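Spelled out from the first residue to the last, the chains are:
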Amino acid sequence: MIMFVVATIAVIVAIVIALARAILGPSLYDRVLAGNAVGTKTILLLGLMGFLTGRPEFLDIALLYALMNFIATIAILKFFAYRTMSPQMRDMSPRLGNGNHDGGADG
Amino acid sequence: MNDPVSFATEFHPSSSPIFFVELAILTLLVITSIAMLRMRRLFGVVMLSGIYSFLSAAFFVALDAVDVAFTEAAVGAGISTVLMLSAMLLTARREKPYAPGHAALAAVVCVIVGGALIYATLDAPPYGDAAAPANSYVGQAYVERSAVEISMPNIVTTVLASYRGFDTMGEVAVIFTAGLAVMLLLGIGSDRGGKDVRDVPRMVGREEDGPGLGEKPTLDDGGKSPSPKGGAS
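Remember, it's a predicted structure, so these values are computed and weren't measured experimentally.

1. A word on the overall build of chain A
When you go through chain A residue by residue, the secondary structure sums to five helices and zero strands. Along chain A, from the amino end to the carboxyl end, the secondary structure elements read α-α-α-α-α. Counting across all 107 residues of chain A, residues that qualify as buried make up 43%. Accessible surface, chain A: about 5,300 Å² in total, of which carbon and sulfur atoms supply 76%.

Quick look at the structure:
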């Protein structure tokens, strides 16, 4: 039991550190990575909470969160690789064509 | 009951470690939302809202609301992050500076509504109270009789699939119709399987805008200081 308590505290501290990087992080990739890290730590926290309450059968929920976190991160990164949700949406709107220049001026 | 200290002590009588976990998660949620308020770069706000969704999903699991938590993780952290990113592509990358007078008015409205909501929760029965109305009449009947009547161990499944079977069928029909309408509006196969998918030419065409590493200034937040006051002058 004491082991789970210590592990929970460590995971919460890790969430705090990753959250600090997400808030402070100068570049976009820092924030993507910090979001992914917070998601992973949340999965660990869910598993630990299951053991803290004596109901580790909720572990499968943590597994599903892991899948979702992975898919969300892939979606975000793919989104920034292609700059659109789908290749054709870009063709429909002429303004999106030079979105890169807009972003550069804004950023 | 209205005394916060006694409320906290009887909040989770059996499992006190979870109470501290909940306290930590709530603190992190407050920090995240304040950072979202103060941040002017919309991408950072989107990422923080994904983090917020994951943390609140963990909080829902700690409150034993597993199905709500799962919906929160799927919709909040998964879909709405991508939707917000695609919406951000249609607008600017930074939030516009706001007029302080409007912010003060909005703050007043928020404080009043939040105070009213907190005042309303003071009348609510304590968390996990067995005599609460939610646990007393119909809920208690479900708990007592569903195992006998439906002979299924999961009460949520018996309520959804048997007691409210027609209701669930109507919901499924509504969701199916909505999905069908969205597919018809967007066009079937326009995403990946259509004729005019131009992944490879796009990748080449992006070279004009700035090849590979040349995009970095865009993807960067501009290399400016992480201070949220950047656009808030």
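Don't stop here, the text continues.
2. Concerning the nonpolar core
Residues Y65(A), I25(B), L48(B) and L55(B) are the most contacted members of the largest nonpolar core, which totals 40 residues. Listing elements by their share of this core, those giving two or more residues are α1 (2–24), α2 (28–52) and α3 (59–82) of chain A together with α2 (16–38), α3 (42–62) and α4 (66–90) of chain B. The element best represented in this core is α3(B), accounting for 10 residues. The residues contacting Y65(A), other than those within four sequence positions of it, are I43(A), L46(A), F54(B), A57(B), V61(B), A69(B), F70(B) and A73(B). Among the nonpolar cores identified, the runner-up in size contains 11 residues, and F79(A), F80(A), F43(B) and L85(B) belong to it.

3. Describing α4(B)
Helix length check: α4(B), at 25 residues, gives a terminal C-alpha distance of 35 Å against a target of 36 Å (1.5 Å per residue), a fit within 8%. At S80(B), α4(B) is deflected by roughly 40°, the largest bend along its length. Lining the buried residues of α4(B) we find α3 of chain A together with α3 of chain B.

4. Comments concerning the packing of α2(A) against α3(A)
All names here are of chain A. Between α2 and α3, the shortest axis-to-axis distance is 9 Å and the interhelical angle comes to 175°. Taken as axis vectors, α2 and α3 run roughly antiparallel relative to one another. Counted together, L28, V32, G35, N36, G39, T40, I43, L46, G47 and F51 of α2 and L59, A62, Y65, A66, N69, T73, I76, L77 and F80 of α3 form the full contact between these two elements. Its residues assigned to classes, the contact of α2 with α3 shows 12 nonpolar, seven polar and no charged.

About the criteria used
Residues numbered from 1 in each chain as written. Chains lettered and ligands numbered in written order. Predicted model: local features only at pLDDT ≥ 70, side-chain atom pairs only at ≥ 80, totals over all residues. Heavy atoms only, no water. Helix = DSSP H or I, 4+ residues; strand = E, 2+ residues; numbered from the N terminus. Buried < 20%, exposed > 50% of the residue type's maximum accessible area, 1.4 Å probe, protein only. Areas by Shrake-Rupley, 256 points an atom, 1.4 Å probe, with all protein chains shown as cover. Core = buried A, V, L, I, M, F, W, Y, C linked by side-chain atoms within 4.5 Å. Contact = heavy atoms within 4.5 Å. Expected span 1.5 Å × (residues − 1). Bend = angle between axes of the 7 residues up to and from the residue. Axes fitted to C-alpha atoms, helices over the stretch in contact; angles between N-to-C directions. Parallel < 35°, antiparallel > 145°, perpendicular 65-115°, else oblique. Nonpolar A, V, L, I, M, F, W, Y, C, P; charged D, E, K, R; others polar.

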